[in-house]
Protein chains: 6
Amino acid sequence: VSETLVYLNGRMLPASEAHLPIYDLGIVQGATVTEMTRTFRHRLWRLDEHLQRLGRSLRYTRMNLGLSWEELVALSEQLVAHNAQHMAAHEELGLVHFVTAGEHAIYANLSERPPRSSCTVCAHTFRLPFERWARHMQEGVHVVTPSIRQVPPQCLDPKIKYRSRLHYYLAEQEARLVDPEAVALLLDVAGNVTETNAANLLLLEAGTVVSPPAVYTLPGISRAMVIELCGQLGMPFRERDLQTYHVMNADEAFLASTPYCLMPVTKINGASIGTGRPGPVFSRLLSAWSQVVGVDIGGQIIEGGRNSG
Amino acid sequence: VSETLVYLNGRMLPASEAHLPIYDLGIVQGATVTEMTRTFRHRLWRLDEHLQRLGRSLRYTRMNLGLSWEELVALSEQLVAHNAQHMAAHEELGLVHFVTAGEHAIYANLSERPPRSSCTVCAHTFRLPFERWARHMQEGVHVVTPSIRQVPPQCLDPKIKYRSRLHYYLAEQEARLVDPEAVALLLDVAGNVTETNAANLLLLEAGTVVSPPAVYTLPGISRAMVIELCGQLGMPFRERDLQTYHVMNADEAFLASTPYCLMPVTKINGASIGTGRPGPVFSRLLSAWSQVVGVDIGGQIIEGGRNSG
Amino acid sequence: VSETLVYLNGRMLPASEAHLPIYDLGIVQGATVTEMTRTFRHRLWRLDEHLQRLGRSLRYTRMNLGLSWEELVALSEQLVAHNAQHMAAHEELGLVHFVTAGEHAIYANLSERPPRSSCTVCAHTFRLPFERWARHMQEGVHVVTPSIRQVPPQCLDPKIKYRSRLHYYLAEQEARLVDPEAVALLLDVAGNVTETNAANLLLLEAGTVVSPPAVYTLPGISRAMVIELCGQLGMPFRERDLQTYHVMNADEAFLASTPYCLMPVTKINGASIGTGRPGPVFSRLLSAWSQVVGVDIGGQIIEGGRNSG
Amino acid sequence: VSETLVYLNGRMLPASEAHLPIYDLGIVQGATVTEMTRTFRHRLWRLDEHLQRLGRSLRYTRMNLGLSWEELVALSEQLVAHNAQHMAAHEELGLVHFVTAGEHAIYANLSERPPRSSCTVCAHTFRLPFERWARHMQEGVHVVTPSIRQVPPQCLDPKIKYRSRLHYYLAEQEARLVDPEAVALLLDVAGNVTETNAANLLLLEAGTVVSPPAVYTLPGISRAMVIELCGQLGMPFRERDLQTYHVMNADEAFLASTPYCLMPVTKINGASIGTGRPGPVFSRLLSAWSQVVGVDIGGQIIEGGRNSG
Amino acid sequence: VSETLVYLNGRMLPASEAHLPIYDLGIVQGATVTEMTRTFRHRLWRLDEHLQRLGRSLRYTRMNLGLSWEELVALSEQLVAHNAQHMAAHEELGLVHFVTAGEHAIYANLSERPPRSSCTVCAHTFRLPFERWARHMQEGVHVVTPSIRQVPPQCLDPKIKYRSRLHYYLAEQEARLVDPEAVALLLDVAGNVTETNAANLLLLEAGTVVSPPAVYTLPGISRAMVIELCGQLGMPFRERDLQTYHVMNADEAFLASTPYCLMPVTKINGASIGTGRPGPVFSRLLSAWSQVVGVDIGGQIIEGGRNSG
Amino acid sequence: VSETLVYLNGRMLPASEAHLPIYDLGIVQGATVTEMTRTFRHRLWRLDEHLQRLGRSLRYTRMNLGLSWEELVALSEQLVAHNAQHMAAHEELGLVHFVTAGEHAIYANLSERPPRSSCTVCAHTFRLPFERWARHMQEGVHVVTPSIRQVPPQCLDPKIKYRSRLHYYLAEQEARLVDPEAVALLLDVAGNVTETNAANLLLLEAGTVVSPPAVYTLPGISRAMVIELCGQLGMPFRERDLQTYHVMNADEAFLASTPYCLMPVTKINGASIGTGRPGPVFSRLLSAWSQVVGVDIGGQIIEGGRNSG
């Protein structure tokens, strides 16, 4: 069996050789932007939108990829094609792109070769860990609002998908004090709900789907898909400032994120949301989504849990 | 000649082999704390204080080093001893420690081996690049206040020396629009002066040395040394909120940082500070410092510039 | 046995008759200021300081007590003398004063009598519940920083001891999600540590006792006593902004509050502070305090726990 | 004549016996949520919406009413039926519900009986004091912006109708320095207009009715009624941040609140709004509202003033 | 040739005699509100809207113009008629109104005559300096975000066109450090984009024209015209918080301001916006505007540059 | 009698000819910095300190005076010498310096002559209006905290004495709604007390003189004199954040400002401070100050009131 490949700085490498020198600016300064795309039936879904968002992140951070759009698409598809070839049909891949600001010129003098002046560009895949999400997909996630707050846009803009996220790491640790399986839901410095480490939040309020303004969170592509589906299903959608009050009093809540698409949230800070069970609008949205992609998204995940159990 | 060594997760490796797998949380999430110590005459200076600060960073981030204090000191000294052996007498080393939160369990499945559950611990050295600082040491640095602001302590505490610093990268780019050699001096969200990417700021105002409160910046060990020297030289020192106004109207300004100790700042946002030249208090402090460490700090740097020119 | 008495609007009543009509502004609007004093050996301690602080609260809220200083002192002492007469020697009393803005004129029309236009003034006592504090006194308290934040001074000044404290109630509930015995330590809107529901926080850092500025918390009389004791014991004391970082990295931490005087804090957000056990400076301060008041404060509490067990 | 009744903790009591022990948490901590409903022709209006909002307040504060929806509705209607029976036809009732967090366990030991562990639940009525509003209904209210600011949602959410409102008491006192009849209009910490002590603000701007976002004020049921009426009358309605500038330059302004429905505002900080007289859109809205409820709302109030004069 | 006239406090004066005594409050305190209107073919355009906005500024600042609407219109038109009479056909006028709070009573005692107690009212014209804008109209403006921030509405409301604008002067100086031709684009204290010294910003994002909420900037009359034109051209328009990210990633950007109507923005902080050239939507809007006013707006400006070159 | 002279742009003019063209940037943009010095016995007092502060304001705003220190001192003294020559012995002068950013190049084309590219520099005197202060000196000032807030330092630094002060004008108007003689005491955006339009605030608290940090207000030269006198009189002085609470509960309060030196404050927001009368520490400080300058400062003012009555 050929090993999983990783794209790194112009080369396709076996995964076991994919590493960065310790003086890469991604390690030294967290100067990294990233994207994550997933497959359905082993084909990348909405790669264009993900790469466009990557483009906006790069423009904002003034990093230069050094690759054309076509090259980027091609290597992405090539990587997935190769890495998916020995996967089971019920498995799927996540594709990660990341770009760092290059190498730290001063630290690099510990190396024999001169530091690369251009950006570090990497793309790699991973098997979507359905088994980790199976229970949450059925019973819902518990979100907890830690005292650590989201970094304000004037310091680091949440609209770029960046990796300087130690505050997320700290927030998770605080959330897990309440429940080892809890997910941190970060408030901003004014106390508004923003997002979790890896997902956008949406609520159902009296038949309307609401979500915090995309201006203050990552403008999620899965969240955009939910908005699209709302349109198709005739459900109103609205962006609005949300506070803990709204989550506690919502009819339903869910997280949208690329790898699992949509996940119910049934508890916040120990209190049940709605009935405390995944709700009918969640099911309706997930089912509509499944139809679009031709895969039973929830079933695949729950099944994944069963297989690994 | 034996190659430079790097300490990584319990092993001493040749520098060319010191790299992190791309799924290390230092790369994936910027979940990294760090320290930097330097040598004088090839001996580490105030290693204890640096390692204590590292200890506080680890405690705050709940990372576990997995090494005793003695082991940490021993490997640090061993690394320097080895890497300094072929250096010229007028050269010095910087010693970097960094600790990441370990490996990203889900991404790690691209690898053949199971993810390490413990922290990634690394120590490496680099030659202090005196030639880069020589002109600044003689003529002073130009600091520029970018519109990007320092991350507030309630999001990410500046008292831990962390590496989630994409905002510093962005700030530097903004500062360089004004002057390619400028250094970014970050304001906090209230407009108070904090620190540069890599140094604490101190001002001279009517005979008193002042500096922003250590509560809102990295509590610098070089800054602490300046305070110590002020005591010895009978100069009053005071912590106080500072704004751009204070820097523009200071008699002198300087940066304190481990690798170069003390550097004059002679310009802010294009305007001269004081006489526009390094001042007598700067010289007095640097000279007192040089006496303590038995090395002509400024001379070594300026000489370094000459050698490399 | 004569029943416990309560002072209410000019009369001494049996406790069972001490109640407020439901249209009292203390109930309708939380428009209430308060004080709490305790006894040592059944004698009120520092009553003057408590009544002076009550005077400042009343002045700020423009409420008029309608009693002279002498009357207030006299009724306080009379109440304690009466209510302590049948107490055991090892028991002590807390004395609560509270003053509300009077009665809500419109709601009051549900009553037969016209609404009282003057303030409601009440004083009552309660037995200090040593048994509740005994374990904490020996093992230390666990403080947790909830996401609910302290009300800013420009809305409601923390220097008045007021009872509009629903946010404290909410904060406690959040803290107890982490540990049912945890105490909420509120951060202010900038993320600085303020106080708990009922106590000031003090830390020991490298031999110095530090505490958040009295400007942003209740200027505690027990905290003032700690400062006094620091002076006597030759320990430096400093007011300064504190963040979670400081608590996590302190050598010791303790709470100062009238009913129990001083209590060790040994954990914050699940992490041990210092050794994780009450420290020597805590003991030294409590012992000095005990000498001043002629009562073994800690012993009395721990004994109280034993008696009730 | 039978006395007015009050519901308290499961019993119907004569009003003169409706009181809370001084250790109730509503008194000790302001830990109270509340609602107010009114009658038209002695029938409760939109009781459902008020009780639903009460439900959201209870959910947020994690208080448990201990009553079913049906029981709550039944006791509310029973109370009004009883208390309205001897009222004149032109009079109306306000119905207040309030729930406190129960009793303070430690203070309660001054009492003979053990503290109740459940919430305190009370419902009472009061005669709507039309005579107090008659002049304002005809000439308009004077609103004044005090320096005391609204408590931010991250401390205490304005969407719950709570009673920890000492800041409102302070704000009123400041407003009355300008005009003894003035009503305080609170700004938030960013200077945006929020609400008065007891009412939502709405403005008329070039034919559009605008009001501060419901996210930052109590989501008023009377305000919702105005929005409904705007829809019926073909007048656009918009939520938007408002500042003093908007109030000073509005064509009309009015307050919406349960007891008087709608009241004109004709002055802010001493300056006339619009013509300085109640405007035509106010009249149109109040008249449409009157039609819905079958009562001449304004006339009833003005008449009430005449009767009592 | 008769000299240019200026209206000042009830008189028409030759421009060379139009000056204010040094104790005018416009000079002493910056207590001045203002407006600017321009001509097309020597006729004032939308004078009504400008004077209405002036009216709102006066109402907010409680200044009394002492002139009727008709008098104000008449003197404005008379001034333009007189001052335009000797202008070339391709030239146009700007008309400035400004009103100060009158004279400083104490300083005025340096004068022989008693201080005027009423407001200072002035109207004057100036030739629109097309030659200054010609290059920007063709190549676009470079905007730079300085560290100086916009004054918050709770201090000084941006919706009044006032002249206390030293912060704009400071912001411009900072922007010019990056590029001597750059224009300062001020961020507010939360980091949102507001406006430049003299213009509103609009962006094109995926076919929608967006602009910061009028609540936090001067509600520009040229901006309103763009919104009107968007309606006519079937282009969606939306108000929304904008950050630097949005400007950097916009398809097009432009400034709207009375004297030049619309100007392309092609660079922010040194980075190109869109293609780095004025875009098609800009051209379409400017051309639609030109049709409305019967003047080739862009051509006139570019021609103006050629003439003066 | 020769007329009062004014220095303007290099010339000494009769006061009646001292005026600025309407296109001066001091009028157009409020781009003006200023100073005020006073005489004792017709001699300027601490002119040096005032001119140094002017120098710092100019440096911050990057304005160039175009005069040497000696020239500036000379013209100041010459102006006072001339203007004081016909004054009564009991009268004194205020000397105002102001510098604007020059002329607005585009507006200036309404003038015949080319715009001056350099700064506008003016110095003028005025008779100190003792009669205005006499009653306040005897009975104390009433300060009122308006809802308008001080401009934050990150927008416009209060340490420069600038004239873009429309917010002060607005604040005064709000304060006068409470009392036509009240003086506005501005709070900053966090609710801390800053300064009045023209004076620093100082409080007496338990024997210590306290004042808001000079970092957030104009660093007053009269305030500095109070600190000096405190030193001489053995009274402790401390800078600290102050809130309304502190003013309401102070033992004494006073304003320090150049023209009247020191003035008692006896009321805030309608409530008496201390005894409601000027206090003994105020008297002691004023008397010490009088000794230093050889003039009975308070007597002169009170006498001035009597003369003009």
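Structure: see above.
In this report, we go over the structure that sits alongside the text. Keep in mind that what you see is a predicted model, and the values were worked out from it rather than measured.

**Brief notes about the sheet that holds strand β4 (residues 32–40) of chain A**
All names here are of chain A. The strand order β2-β1-β7-β6-β4-β5 describes an open sheet built from six strands, whose pairing is antiparallel. The outermost strands of the open sheet, each flanked by one partner alone, are β2 (11–14) and β5 (43–44). Bridge count between β4 and β5: two bridges; the pairing is antiparallel. Paired with Phe-40 across the bridge in β5 is Arg-43.

**Regarding the interface of chain E and chain F**
Taken residue by residue, the interface counts 60 residues in chain E and 60 residues in chain F. Buried area between chain E and chain F, both sides added, is near 5200 Å², and the carbon and sulfur share of it is 64%. Joining chain E to chain F, the criterion identifies zero salt bridges. Joining chain E to chain F, the criterion identifies 20 residue pairs in polar contact (both at pLDDT 80 or more). Going through the elements one at a time, β3 (19–21), α1 (25–28), β4 (32–40), α2 (47–61), β6 (93–100), β7 (120–127) and α5 (166–178) of chain E are the ones with two or more residues in the side of chain E that touches chain F. Per-element tally for the side of chain E that touches chain F: the top contributor is α5 of chain E, with seven residues. Of the residues that constitute the side of chain E that touches chain F, the class distribution is 35 nonpolar, 17 polar and eight charged. Relative to strand β3 (residues 19–21) of chain F, β3 of chain E runs antiparallel, the two being bridged by three bridges.

**Things to note about the relation of the copies chain E and chain F**
For the pair of chain copies, the relating transformation is a rotation about an axis with a translation along it. Here chain E sits on chain F after a turn of 180 degrees about the axis and a move of 0.0 Å along it, with an RMSD of 0.0 Å. In the structure described here, the two chain copies are related by an operation that fits a two-fold rotation axis. It is Ser-164 of chain E whose C-alpha, among those of chain E, lies nearest the rotation axis, at 2.0 Å. In this assembly, 100% of the residues forming the interface of chain E have copies in chain F that are likewise at the interface, indicating an isologous arrangement.

**Details of the interface of chain E and chain D**
In this assembly, 12 residues from chain E lie in contact with 20 residues from chain D. Between chain E and chain D the total buried area reaches about 1300 Å² when both faces are included, carbon and sulfur atoms providing 47% of it. At the boundary of chain E with chain D, the tally comes to zero salt bridges. In this structure, the connection of chain E to chain D is made through 10 residue pairs in polar contact (both at pLDDT 80 or more). Broken down by element, the residue count for the side of chain E that touches chain D peaks at three residues, all from α2 of chain E. A per-class count over the side of chain E that touches chain D returns five nonpolar, one polar and six charged.

Calculation rules
Residues numbered from 1 in each chain as written. Chains lettered and ligands numbered in written order. Predicted model: local features only at pLDDT ≥ 70, side-chain atom pairs only at ≥ 80, totals over all residues. Heavy atoms only, no water. Pairing = 2+ DSSP bridges. Helix = DSSP H or I, 4+ residues; strand = E, 2+ residues; numbered from the N terminus. Contact = heavy atoms within 4.5 Å. Buried area = accessible area lost by both parts, 1.4 Å probe. Salt bridge = Lys/Arg side-chain N within 4 Å of Asp/Glu carboxyl O. Polar contact = N/O pair within 3.5 Å; in protein donor to acceptor, adjacent residues only side chain to side chain. Nonpolar A, V, L, I, M, F, W, Y, C, P; charged D, E, K, R; others polar. Least-squares fit on C-alpha atoms with pLDDT ≥ 70 in both.

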